[in-house]
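Reading the structure
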Amino acid sequence: MSDLLEVIELTKFFDMGRNQRVHAVENVSLTIAEKEIVGLVGESGSGKSTLGKTVLGLHDKTSGQVKFRGEVLPQKYQAKDFRRFATNMQMIFQDPYSSLNPRMTIGEIVGEGLKLHQNHDPSIVRDKVAVWLEKVGLHADHMSRYPHEFSGGQRQRIGIARAMILEPEFVVCDEPISALDVSVQAQVINLLGELKESMGLTLLFIAHDLSMVRYVSDRMAVMYLGSLVEVGKADEVYFDPKHPYTEVLIGSNPEPDPELERSRPSTAIQGEIPSPVNVPAGCRFANRCPKVMDVCKNITPQLIPLKDIERQVACHLYT
Amino acid sequence: MSSVTANNSVSLLEVEDLAVEFDTYGGIVQAVRGVSFSVEEGKTLAIVGESGCGKSVTVQSMMGLIPMPPGRITSGSAKLKGHEILGRTVVNGKEIRGSEIGMIFQDPMTSLNPTMTIGDQIAEPLQVHRGYSYKKAFNEAIRLLEMSKIPEAAKRARQYPFEFSGGMLQRAMIAMAIACKPSILIADEPTTALDVTIQAQILDLLQDLQKETGMAVILITHDLGVVARMADEVAVMYAGKIVEHGMVDDVFYRSAHPYTLGLKEAMPTNDPSLQHELKPIEGSPPDLFSPPQGCGYCARCPYAMQICNKRQPDDTFLAEHHFSRCWLHHVSSPNKPDQLYFKEEA
């Protein structure tokens, strides 16, 4: 498999004035192979969404590179860059309520990309929108309706149709299911799975539901306070976490199995994710880490491959 | 209508046939349609269901938090230690809300008063319900914050909500809810807005406090993982009714209602030996403006029969505390799917 997307030492800071900077994403390197699904997990405030948006050019890059099929993407997107890359790369947003314009009909929302990028005849756009609405499990005659007439699950399908209609190669799904009920989550996940099969999609799947990420992804990347701490095959990372943070994260994930829950000890750790404004020196997890050593407080560990298994970990336990 | 009650002991809280509806511009929404359950001292009852199934309205009506109008409790009773509490604020001269029953909400950011310090907010119920002086109440508030494992409680008590993180606010809310030593704590999606690591901390805290104080907990959630971790008993709600109720093991390992089974199959399991397909429940919940004549789940149920569309099923008891409200459990049902648990023939 060849690499479709390459993220090289990507950094994104937000300046807040008064010499304060939010270190939202710092020095992240990640490659995504063609037709692969990479799950990105981490607590809120860890920079998952910022990473996804920076990769797509929705935020300017502070430093670092993103390569798509070997081509270096611009540091700061101009309108023409969006026009060019939007047909290759798309995004599905977290909140199906605020990400659809309430004044546009579904037909306009889903068809807008086609109209902008492919200069089609209105009747062709209409036909294509109809096809895509059917593909995501809605009806063609929903085209003339407005977003408020749909439920959360249906809106998320509209968001998916809007992203997919240009037949992109790479899609960032930013928490596509976390606003949905359990019974509807599975509908959306299966839909994404089917589209992936039929279109040969590559996905960056951002979520905080670990069980769902393990289920969906080929590989899993764990993020903490702007940096990747562990990357590996999804099942292996889930069942054999190497980084102490991954261990804590997976241990905190309650399983729908009462006997298992009664038998396993609580792994709750003290403290919360620190503010990304004042990033501690050394390992960012050091102040909460149950296995902290002296070296952790001074030297930032790099994401390095482990010897025997296919895994990258940023932790001094493995250096 | 029967309710699940332990044989000898009187339940702490007993809810019978509760029904709540709301007037809206579109018509009358029958949000809760005859719900019965009971809660024992020191136990945790989890109420599970998807959004709009009536789980929050059920507990809000017990707390007197339903705005009337447009809301209306059309039938039913809720008895706390044998005394009716629906439509009342005082039992035996004691305020119920905030005193006998404490409640914590889903979104701690919007549930606290941004213009009052955390300490003052926790002290308030003590001043109102217990007649404490401000100073005594404030000192008690600091002790409660310590009980909720907030570091530097004395300093934190003088801070405002915006200075707290989401997890810390939820701890402060818990401190406030337990201030008057309630016999029941209602937790309405207490961890839905929190990260898993913080969720684990809050769930541990709730369990510790329950052990210390012996209070009962009613936990409302849609996360089956949280249920498995916390609950003694589980009530599964769908379209304003309880469709299955039982001890936690009964509901998880001997699921008897197609909806419970559907929920379980729609979630990924983390059993490495089992790579099952996610089976979504197709369709969406019924419109409660005109609830279906028969079983509410009928339109989405893979095992639906003709009768399901026409008549409400009754509760069928499968064990002492375990019932399912489904026609498949009727003695003359022709279909007994293998995936569901059925009462063993005597």
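All chains use their own residue numbering, which begins from 1 and follows the written sequence. The lettering of chains begins at A and the numbering of ligands begins at 1, in the order of writing. Side-chain atom pairs in this predicted model are given and counted only at pLDDT of 80 or more, local residue features only at pLDDT of at least 70, and totals for whole chains, interfaces and linings cover all residues.

1. Focus: the overall build of chain B
How we decide: Each helix is a run of DSSP H or I of at least 4 residues and each strand a run of E of at least 2, with the numbering of both proceeding from the N terminus. Two things to know: the radius of gyration comes from C-alpha atoms, and the globule rule equals 2.2 Å times the number of residues to the power 0.38. Any residue pair is listed as a contact if its two C-beta atoms, each placed from the backbone, are within 7 Å.
Counting its regular elements, chain B contains 11 helices and 14 strands. Taken over the C-alpha trace, chain B has a radius of gyration of 21 Å; the compact-globule value for 346 residues is 20 Å, and the two agree within 12%. Considering only C-alpha atoms, chain B reaches an extent of 70 × 50 × 45 Å along its principal axes. Of the contacts made within chain B by residues no fewer than 6 positions apart, 63% connect residues no fewer than 24 positions apart.

2. Points about the sheet that holds strand 5 (residues 83–84) of chain B
Residue and element names in this part refer to chain B. Operational definition: Two strands are counted as paired when DSSP detects at least two bridges linking them.
Spatially, 2-1-4-5 is the arrangement adopted by the 4 strands of the open sheet, whose pairing is antiparallel. Among the strands making up the open sheet, the edge pair consists of strand 2 (27–39) and strand 5. Two elements, strand 1 (residues 13–24) and strand 2, share 10 bridges in a ladder whose sense is antiparallel. Each bridged residue has a counterpart across the sheet, and for T24 the counterpart in strand 2 is G27.

3. Quick notes on the pairing of strand 3 (residues 37–41) of chain A
Residue and element names in this part refer to chain A. The condition is simple: As a rule, residues whose C-beta atom has 12 or fewer other C-beta atoms within 10 Å are exposed, those with 20 or more are buried, and those in between are partly exposed; C-beta atoms are placed from the backbone.
Judged by how many residues are buried, strand 3 sits mostly within the fold: 5 of 5 residues are covered. Side chains of strand 3 alternate between two faces, with I37, G39 and V41 and V38 and L40 buried alike. Inspection of the sheet shows strand 3 paired to strand 8 (residues 202–206) by 4 bridges, in the parallel sense. Within strand 8, the residue paired with I37 across the bridge is L203. With 4 bridges connecting them, strand 3 and strand 9 (residues 219–224) associate as parallel partners. Within strand 9, the position partnered with V41 by the bridge is V222.

4. Notes on the interface of chain B and chain A
By convention, interface size is frequently given as the accessible area that disappears when the constituent parts associate. Counting residues at the interface gives 34 residues for chain B and 34 residues for chain A. Going through the elements one at a time, helix 7 (196–213), helix 8 (224–230), helix 9 (248–253) and helix 10 (258–265) of chain B are the ones with two or more residues in the side of chain B that touches chain A. Among the elements that make up the side of chain B that touches chain A, the one with the highest residue count is helix 7 of chain B (7 residues).

5. Concerning the packing of helix 3 (residues 106–118) of chain A against helix 5 (residues 152–164) of chain A
Residue and element names in this part refer to chain A. The line we're drawing: Angular values range over 0 to 180 degrees, each being the angle between N-to-C directions of two axes fitted as lines to C-alpha atoms, with helices fitted over their stretch in contact. Working rule for angles: under 35 degrees goes down as roughly parallel, over 145 as roughly antiparallel, 65 to 115 as roughly perpendicular, anything else as oblique.
Look at helix 3 against helix 5: their axes get within 7 Å of each other, and the N-to-C directions meet at 30°. Considered as vectors, helix 3 and helix 5 are oriented roughly parallel to each other. Between helix 3 and helix 5, the contacting residues are I106, I109, V110 and G113 on the first element and I158, A161 and R162 on the second.

6. Details of the pairing of strand 4 (residues 71–80) of chain B
Two faces belong to every sheet, and in a regular strand the side chains alternate between them. Residue and element names in this part refer to chain B. The pairing of strand 1 with strand 4 spans 8 bridges and is classified as antiparallel. In the strand pairing of strand 4, F22 is matched with G71. Here strand 4 hands over to strand 5 after 2 residues, with K81 in that stretch at a positive phi of 50°.

7. Let's talk about the environment of A266 of chain B
Mapping A266 of chain B onto the fold places it in the loop between helix 10 and helix 11 (306–310). Judged by C-beta crowding, with 21 C-beta atoms within 10 Å, A266 of chain B ranks as buried. C-alpha separation for the pair A266 of chain B and K279 of chain B, spaced 13 residues apart in sequence, amounts to 4.9 Å. Beyond its immediate stretch of four places on either side in the chain, A266 of chain B contacts V182, S183, Q185 and A186 of chain A together with L278, K279, P280 and I281 of chain B.

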